[in-house]
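Here is how the chains run, residue by residue.
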Amino acid sequence: MNFIDAITLEVADTEAAERFYATAFGLGSELRLRASEEPSTGFRGYTLSLTVSQPANADALITAAVAAGATVLKPAVKSMWGYGGVVQAPDGAIWKIATSAKKNTGPAAREFDDIVLLLGVADVAASKKFYVEHGLTVGKSFGRVYVEFEAGSSPVKLALYRHKALAKDAGVSPEGTGSHRLAICGAAPFTDPDGFTWETSALASQS
């Protein structure tokens, strides 16, 4: 089985990004940063999600992110699916903080349960086939709309969504050019049909 050991974001200022992610989300080894000046405009074709256990935790994380310099793309609101909002980090990465719960069950805590990387793809069925051939196991699949892969012991879960639908969910225009400013650290290096790059992780190179 393939896996995601970590996500690498390419940023203009690594020190500033490190401060933001430590302050806003308390992220550790699952998120890595490296300097890059690769041109990138508009929607980068992916979003990162933090899933939480209750609305109060979503509010706490969003408030911390905004205080650390994030921009609100979608204010946190209730929906038929639960509760959540979307922010954009100073480095340009888009983060959705959400829960399927609609009521709080305890005091607010700035903590999350899972990290999900959603890739906006041109053809969900084709990308699903590609990833299965590269060792990932499908966990959930909704036709040509959405696919979620089993994470196993990986700290990051991978999912596929239609590009335009993902941009709409994030509250941004689907247009974008240049680098994704993202690298996925897994068991083997490859590039998927939409140009997302996988690199061999430190964990894989030690095995």
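Calculation criteria
Residues numbered from 1 in each chain as written. Predicted model: local features only at pLDDT ≥ 70, side-chain atom pairs only at ≥ 80, totals over all residues. Heavy atoms only, no water. Buried < 20%, exposed > 50% of the residue type's maximum accessible area, 1.4 Å probe, protein only. Helix = DSSP H or I, 4+ residues; strand = E, 2+ residues; numbered from the N terminus. Pairing = 2+ DSSP bridges. Phe/Tyr/Trp six-rings, centres within 6.5 Å; stacked < 30°, edge-to-face > 60°. 1 Å grid on protein atoms, 1.4 Å probe; cavity = no way out; pocket = protein on both sides within 12 Å on 5 of 7 lines; lining within 4 Å. Points joined across faces, edges and corners; volume = space filled by probe spheres on them. Nonpolar A, V, L, I, M, F, W, Y, C, P; charged D, E, K, R; others polar. Core = buried A, V, L, I, M, F, W, Y, C linked by side-chain atoms within 4.5 Å. Contact = heavy atoms within 4.5 Å. Axes fitted to C-alpha atoms, helices over the stretch in contact; angles between N-to-C directions. Parallel < 35°, antiparallel > 145°, perpendicular 65-115°, else oblique. Left-handed = near helix turned anticlockwise from the far one by under 90°. Salt bridge = Lys/Arg side-chain N within 4 Å of Asp/Glu carboxyl O.

1. What about the pairing of strand 8 (residues 114–121)?
- In terms of residue burial, strand 8 counts as a mostly covered element, since seven of its eight residues are buried.
- Bridge count between strand 4 (residues 46–51) and strand 8: six bridges; the pairing is antiparallel. Bridge pairing links Thr 47 to Leu 118 in strand 8.
- Relative to strand 11 (residues 156–162), strand 8 is paired through seven bridges, and the arrangement is parallel. By the bridge assignment for strand 11, Leu 117 is matched with Leu 158.

2. Side note on the packing of aromatic side chains
- Inspection of every chain in the model, using the stated rule, returns 13 aromatic pairs.
- Note on Tyr 131 and Trp 198: the rings are 5.8 Å apart at their centroids and 50° apart in plane angle, and the pair reads as tilted. A residue pair is termed long-range when its members are at least 10 positions apart, and Tyr 131 in helix 3 (residues 124–133) and Trp 198 in strand 15 (residues 197–200) qualify at 67 residues. Like Trp 198, Tyr 131 is buried.
- Taken together, a centroid distance of 5.0 Å and an interplanar angle of 20° make the contact between Phe 190 and Trp 198 stacked. Both residues of the pair, Phe 190 and Trp 198, belong to the buried class.

3. Focus: the layout of surface pockets
- In this structure, the largest pocket occupies an estimated 1100 Å³ of space.
- Lining of the largest pocket is provided by 30 residues; of these, Trp 81, Lys 96, Ala 98, Tyr 146 and Asp 169 occupy positions nearest its centre.
- Of all the elements, strand 6 (residues 82–88) adds the most residues to the lining of the largest pocket, at five residues.
- Residues of the lining of the largest pocket, tallied by class, amount to 14 nonpolar, eight polar and eight charged.

4. Here's the deal with the nonpolar core
- If you look at the biggest cluster of nonpolar residues, it comprises 44 residues, and the most contacted ones within it are Leu 9, Tyr 21, Phe 25, Trp 95 and Leu 119.
- For Phe 25, the contacting residues outside a window of four places in its chain are Phe 20, Leu 50, Leu 61, Ala 65, Val 87, Trp 95, Ile 97, Arg 110 and Phe 112.
- Counting residues in each nonpolar core, the second largest holds ten residues, with Ile 94, Leu 118, Tyr 146 and Ala 159 among its members.

5. Remarks on the packing of helix 1 (residues 14–24) against helix 2 (residues 55–67)
- Running from N to C, helix 1 and helix 2 cross one another at 150°; their axes reach a closest spacing of 8 Å. By the angle between their axes, helix 1 is roughly antiparallel relative to helix 2. Like other packed secondary-structure pairs, helix 1 and helix 2 cross with a definite hand, here right-handed. Packed against helix 1, whose contacting residues are Phe 20, Thr 23 and Ala 24, the element helix 2 presents Leu 61, Ala 64 and Ala 65 at the interface.

6. Structural notes on empty space enclosed by the protein
- For the structure shown, the criterion picks out one cavity of 30 Å³ or more.
- Considering only enclosed or pocket space, the largest cavity measures out at about 60 Å³ in volume.
- If one sorts the elements of the lining of the largest cavity by residue count, strand 11 sits on top with three residues.

7. Comments concerning the pairing of strand 4
- Of all six residues making up strand 4, five are buried, and the element is well covered by its neighbours.
- Pairing analysis gives four bridges linking strand 4 to strand 7 (residues 94–99), with the strands arranged parallel. Pairing of Ser 49 across the sheet is with Lys 96, part of strand 7.

8. Structural notes on the sheet that holds strand 1 (residues 4–11)
- Strand order in the open sheet formed by five strands is 2-1-13-15-14, with mixed pairing between adjacent strands. The sheet is open, and its two borders are formed by strand 2 (31–35) and strand 14 (190–191), each paired with just one other strand.
- Two elements, strand 1 and strand 13 (residues 182–186), share five bridges in a ladder whose sense is antiparallel. Following the sheet pairing, Thr 8 is matched in strand 13 by Ala 183.

9. Section: the pattern of salt bridges
- Going through the model one piece at a time under the given rule, you end up with seven salt bridges.
- With its nearest N and O atoms 3.2 Å apart, the salt bridge here joins Arg 32 to Asp 5. Of this pair, Arg 32 sits in strand 2 while Asp 5 is found in strand 1, placing the two residues 27 residues apart along the sequence.
- For Asp 123, the salt bridge is made with Arg 144, and the minimal N-O distance between the two is 3.2 Å. You can see Asp 123 sitting in the loop between strand 8 and helix 3 and its partner Arg 144 sitting in the loop between strand 9 (138–142) and strand 10 (146–149), a full 21 residues away along the chain.

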